[in-house]
Amino acid sequence: MRLPERDRPWVMRTYAGHSTATKSNELYRGNLAKGQTGLSIAFDLPTQTGYDPDHELARGEVGKVGVSIAHKADMHALLDGIPLDEMNTSMTINATAAWLLALYMTVAEENGVGRAALQGTTQNDIIKEFLSRGTYAFPPEPSMRLIADTIAFTVEEVPRWNPVNICSYHLQEAGATPPQEIAYALSTAIAVLDGVRDRVPEETFPRVFGRISFFVNAGIRFVEEHAKLRAMGGLWEELGRERYGVEDPKFLRLRYGVQVNSLGLTEAQPENNIIRIVLEALAVTMGRDARARAVQLPAWNEALGLPRPWDQQWSLRIQQILAHETDLLDYPDIFEGSVVMEGLADELVDAARAEMAVVAEHGGAVAAVGYMKTQLVESHRTRMGRIERGEQKVIGQNVFTEHEPSPLQEGEDGGILTVDPAVEQGQIEALASWRSSRDDAAVDAALTALGEAAADPGVNLMPLTLAAARAGATTGEWAGALRAVFGEYRAPTGVADAAAAVSDYALDELRDRVERVSEALGRRIKILVGKPGLDGHSNGAEQIAVRARDAGMDVVYEGIRLTPARIAATAVQEGVHVVGLSILSGSHAQLIPTVLDELRDAGVDVPVVVGGIIPPADERALLAAGVARVYTPKDFQVSKIMGDIVDLVAERYGAGTPA
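Bear in mind that the values here come from a model prediction, so they are computed numbers and not experimental data.

The parallel open sheet is built from five strands, whose spatial order is β1-β10-β9-β8-β7. Bordering the open sheet on either side are β1 (11–13) and β7 (165–167), each of which pairs with just one other strand. Geometrically, the sheet is characterised by an average inter-axis angle of 25 degrees between neighbouring strands, direction not taken into account. Bridge analysis of strand β9 (residues 256–260) against strand β10 (residues 294–296) gives three bridges, and the strand direction is parallel. When the bridges of β10 are listed, Gly257 appears paired with Ala294. Across the sheet, helix α10 (residues 222–242) touches β8 (213–218) and β9, and the angle it forms with β8 is around 160 degrees.

This next bit is on the nonpolar core. Soluble globular proteins: nonpolar side chains tend toward being buried together. Judged by nonpolar contacts, the single largest core of 144 residues is most densely connected at Phe214 and Trp236. Residues contacting Phe214, with those up to four places away along its chain left out, are Asn165, Ile166, Ala185, Leu186, Ala189, Met232, Trp236, Leu254, Arg255, Tyr256 and Gly257. Residues Val377, Met384, Ala498 and Val546 belong to the second largest nonpolar core, which totals 30 residues.

Moving on, we come to a negative patch on the surface. A cluster of acidic residues, Asp289, Glu336, Glu342, Asp346 and Glu347, forms a negative patch at the surface. Relative to the helices and strands, Asp346 is located in helix α14 (residues 339–361).

A word on the packing of aromatic side chains. Taken as a whole, this structure holds 13 aromatic pairs when the rule is applied. Seen in terms of ring centroids, Tyr104 and Trp161 are 5.3 Å apart; in terms of plane orientation they differ by 50 degrees. Their pairing is tilted. Of this pair, Tyr104 sits in helix α4 (residues 97–110) while Trp161 sits in strand β6 (residues 161–162), placing them 57 residues apart in sequence. Of the residues examined, Tyr104 reaches a relative accessible area of 0% and is grouped as buried. When its relative accessible area of 1% is taken as the criterion, Trp161 is described as buried. Between Phe205 and Tyr244, the ring centres sit 5.4 Å apart and the planes meet at 40 degrees, which makes this aromatic pair tilted. Highlighted residues: Phe205 in helix α9 (residues 205–211) and Tyr244 in the loop between α10 and α11 (249–252), separated in sequence by 39 residues. Through successive ring pairs, a cluster of aromatic residues spans Phe205, Phe209, Phe214, Trp236 and Tyr244. The cationic tip of Arg197 hangs over the ring face of Phe205; the distance from NZ or CZ to the ring centre is 5.4 Å. Stacked on the ring of Tyr136, the Lys or Arg Arg561 has its end atom at 4.7 Å from the ring centre.

Let us now look at the domain arrangement of the protein chain. Partitioning the protein chain into structural domains gives domain 1 (11–401) and domain 2 (505–652). The straight-line distance from the C-alpha centre of domain 1 to that of domain 2 is 31 Å. Counting residues at the interface gives 35 residues for domain 1 and 32 residues for domain 2. Counting each side, the surface lost to burial between domain 1 and domain 2 is near 2,800 Å², with a carbon and sulfur contribution of 53%. For the interface between domain 1 and domain 2, the tally reads three salt bridges. Between Glu388 and Arg547 there is a salt bridge, and its shortest N-O distance comes to 2.9 Å. The tally of links between domain 1 and domain 2 comes to 18 residue pairs in polar contact (both at pLDDT 80 or more). Where the side of domain 1 that touches domain 2 is concerned, the elements lending two or more residues are α2 (45–49), α5 (126–133), α7 (169–173) and α15 (369–389). Considering each element in turn, the side of domain 1 that touches domain 2 owes the most residues, seven residues, to α15. Of the residues in the side of domain 1 that touches domain 2, the class split is 14 nonpolar, 10 polar and 11 charged.

Rules of the game
Residues numbered from 1 in each chain as written. Predicted model: local features only at pLDDT ≥ 70, side-chain atom pairs only at ≥ 80, totals over all residues. Heavy atoms only, no water. Pairing = 2+ DSSP bridges. Helix = DSSP H or I, 4+ residues; strand = E, 2+ residues; numbered from the N terminus. Axes fitted to C-alpha atoms, helices over the stretch in contact; angles between N-to-C directions. Contact = heavy atoms within 4.5 Å. Core = buried A, V, L, I, M, F, W, Y, C linked by side-chain atoms within 4.5 Å. Buried < 20%, exposed > 50% of the residue type's maximum accessible area, 1.4 Å probe, protein only. Patch = residues over 30% accessible without salt bridge, like charges linked within 9 Å, V, L, I, M, F, W, Y side chains within 5 Å. Areas by Shrake-Rupley, 256 points an atom, 1.4 Å probe, with all protein chains shown as cover. Salt bridge = Lys/Arg side-chain N within 4 Å of Asp/Glu carboxyl O. Lys, Arg positive; Asp, Glu negative; His and termini not counted. Charge placed at Lys NZ, Arg CZ, Asp CG, Glu CD. Phe/Tyr/Trp six-rings, centres within 6.5 Å; stacked < 30°, edge-to-face > 60°. Lys NZ or Arg CZ within 6 Å of the ring centre and 35° of its normal. Domains from an automatic or database assignment. Buried area = accessible area lost by both parts, 1.4 Å probe. Polar contact = N/O pair within 3.5 Å; in protein donor to acceptor, adjacent residues only side chain to side chain. Nonpolar A, V, L, I, M, F, W, Y, C, P; charged D, E, K, R; others polar.

This is the structure:
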């Protein structure tokens, strides 16, 4: 029953990058020396959303959740000494994917590496950005055009490159059930393929289909997660044959990479996360017929903050032990003929087909963004409710909470890596130096040509993007030239359309408290939920907004990407009683004090509460600065948080006795 020869391991990556290109290059070289077999580049939020480090919205975000890349010299530094003709590089970049790929190609060319030798992936899935992650830059239609342009260009010019990575990973992070994850990802793939179909010759299209890759999530229910992948693979092959007429088996296979679930990682007893990560990795490695092509695992401490190199090494070692010490790669598919696995996969296929039909009825994935977003908000609310009520057990968080102190969190760093705040100013100064040394006339000409081409839907923007990269344009300048033509966009939040919650004891009690305090105030409690900066992970903010609405409060929630000044102005205009701020990108230390200053300058004297991934030392600093409450991932009981907020309002305004 063993294979004649042991299978080759999957590509092993570590999602990494922070602060500067030089620092990240050191990290990559170290990871490769430890046995990592591919790169997975994390970019900071300004780079992902098309802003330079000196832009107002970039404040506090530079180098925090990834590396800052503003121009081709940064990309040269990032990839220094890395053999691009041998390396398989994954770039987690979406709105600015065409630009970062152009920078990557430019660096390769200037280092003597031809395009045909390059292999890797740009994520380039904008629909999931509108649904779950928030790093979009342009409206849906021009965003989809950029994706189609990238695919049409790379299929001929960079044939070993995966120009798009349909990303269901963040859909699960936003609350998607397995059928929703399958359905929304495949519906997105249909929208992408339909968009590129007219841009390539008919005989080329099967190769386009074969270059579409996926980036999926694997949660703790690893039997169901493996069945999900088998179901997804079957549906993908069916789509290829029936909708697009693809016949070559090598083009029909579901090609996917994976990062296992970060949503389920806990701040409470974080050492438990290693067990979760190992089990989740099994879901995508055990069954040969549905095995991942590439795997990257989160670190045990990602619910606490940015992992250190040692933490990432531990996650890499998990992969290496699975691949080299166990017998996973010795056997044919161990689930073939399994009644349980086949039955579960069939159930997921039926449920996913039904949900795909609903998306199609809404006009396809682009038109159905609002519908899908609402469904994710409701699914996430259901999941959070199960955890709050103890129906879904999370070890160390809502059950078996007694524990010994974790030695992994000892030491001055508290078990996480902190990016030096001085990095931001350094990047701003480096950017100014770059601009002063380049040929401005060449840059201006390239950007003018790009803008003119953007106004013509029939022109592929990749060659012009490459020209701008070679000339020395910056990330913000490239995106700015396109924004001038494409316009700005704010994605739907899903909050207003979410269904009313089913009553239970905790919610009924909360509603009574809201009514009592509102009556004492003379009007209904009004809360402003705000997300300052570029952090687009809005799940927490959305759940607070939905629960506040269900509890009977008036809710003001404008979505992501707000400046501190806008938050303060909205607080004045709306006459709110309390402001809730959510940041998960690590920029809280810079942005929250700025919001507090703006509120004071505007004459707004209301309690401010903050939620996010906030280390204890930063929590103390925020409280000292005037924040009333700080909530972190360990505070999973949303109704309790809302009760605290009602008490704060009652205390501040003398509106009744807190519960």
